[in-house]
Amino acid sequence: MKEDIIIQISNRIKNLRKEKNVTLQELSESAGVSKAMLSQVENSRAIPSLPVLLNLIRSLNIDFNDFFKDINLLPADNKVIHRKKSANTSFEKENAQGFYYQRLFSTVVEDSHVDFVLLRLTPDARRPMVSTDAWEFKYLISGSVTYYIGEETYEMEEGDSLFFDASEQHNPVNTGTEDALLLVVYFFKKRAV
């Protein structure tokens, strides 16, 4: 199955930046975007506006046609999507240690972007609080996790789930001695045109 266009664009930006040995800071300054926003775009936590996307492409010194030539679209009438395990992609996020992500599936359903991810947290995992322009569903497959959302704390055991507005600052902490495994589903918010 071909990946969703938003994920493909995010990955393309990140891969080009790394290929050209450009730091997040350098690209963000060149494109006139905050480093935090660029990190969110690269990790599919935010969808760039068209002007931001064009500035990023220009700043990477790549022809627009070359940037988009390998971006694949699903046929509009595709009702069933089957994705093999071998198509899952691992990725990392900035400022996170012990957070291991694997994208299982990403698509657009009736103009809403949905992203399914496995998150493995090591016992020493840590990162600063984050926010995402999405609703998030978390299902704890194994381990134990304390989830901080805003000022609230939620203790999670195997089989527990959370659903919340991720624009609120949030962060999971592995409270066990073994890796914790979560299924994460991002429901990205529609942006006003």
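Along each chain, residues carry numbers from 1 onward, in the same order as the chain's sequence is written. Predicted model: local features are reported for residues with pLDDT of at least 70 only, side-chain atom pairs are reported and counted for 80 or more only, and whole-chain, interface and lining totals are derived from all residues. Excluded from the side-chain calculations are hydrogens and water; all other atoms, namely the structure's heavy atoms, are used.

### Brief notes about a nonpolar patch on the surface
Right, on to step 1. Taken together, W135, F163 and F187 make up a surface patch of nonpolar side chains, about 300 Å² in accessible area.
Right, on to step 2. Within the element layout of this structure, F187 appears in strand β9 (residues 180–188).
Right, on to step 3. Burial here depends on accessible area, computed with a 1.4 Å probe over protein chains only, as a share of the maximum for the residue type. Under 20% is buried, over 50% is exposed, and the range in between is partly exposed. Exposure remark for F187: the relative accessible area of 33% places this residue in the partly exposed category. Like-charged residues within 9 Å of one another, or nonpolar side chains (Val, Leu, Ile, Met, Phe, Trp, Tyr) within 5 Å, are grouped into patches, provided each residue has over 30% relative accessible area and no salt bridge. Residue burial considers only the protein chains on display, and all accessible areas are found by Shrake-Rupley using a 1.4 Å probe. When a carboxyl oxygen of Asp or Glu lies within 4 Å of a side-chain nitrogen of Lys or Arg, that pair is called a salt bridge. Secondary structure elements are taken from DSSP: a helix is a run of H or I of four residues or more, a strand is a run of E of two residues or more, and numbering for both begins at the N terminus.

### Describing unusual backbone geometry
Right, on to step 1. Positive phi values are uncommon outside glycine, yet N21 reaches one of about 55°.
Right, on to step 2. Of note, N21 is situated in the loop between α1 (5–19) and α2 (24–31).
Right, on to step 3. Phi at N61 takes a positive value of approximately 55°, unusual for a residue other than glycine.
Right, on to step 4. Structurally, N61 is set in the loop between α4 (50–59) and α5 (64–68).

### Focus on the environment of S59
Right, on to step 1. Inspection of the secondary structure puts S59 in helix α4.
Right, on to step 2. Overall, S59 belongs to the buried group, its relative accessible area being 19%.
Right, on to step 3. Residues S59 and S28 lie 31 residues apart in sequence; the distance between their C-alpha atoms is 8.9 Å.
Right, on to step 4. Throughout, a contact is declared for two residues whenever any of their heavy atoms are within 4.5 Å. The residues touching S59, leaving out its near neighbours within four places in the chain, are L27, S30 and A31.

### Some details on the nonpolar core
Right, on to step 1. By nonpolar core we mean a set of buried residues, namely Ala, Val, Leu, Ile, Met, Phe, Trp, Tyr and Cys, connected to one another through side-chain atoms within 4.5 Å. If you look at the biggest cluster of nonpolar residues, it comprises 21 residues, and the most contacted ones within it are Y101, L119, L121, V145, Y147, M156 and L182.
Right, on to step 2. Residue assignment for this core shows that the elements contributing at least two residues are β2 (97–109), β3 (112–126), β4 (134–142), β5 (145–149), β7 (161–165) and β9.
Right, on to step 3. Among the elements that make up this core, the one with the highest residue count is β9 (five residues).
Right, on to step 4. Not counting residues up to four positions away in its chain, the partners in contact with Y101 are T89, S90, F91, K93, V117, L118, L119, R127 and Y186.
Right, on to step 5. The next biggest cluster of nonpolar side chains, apart from the first, holds 15 residues, and it includes L24, V33, V41 and L53.

Just geometry here; none of it tells us what the structure is for.
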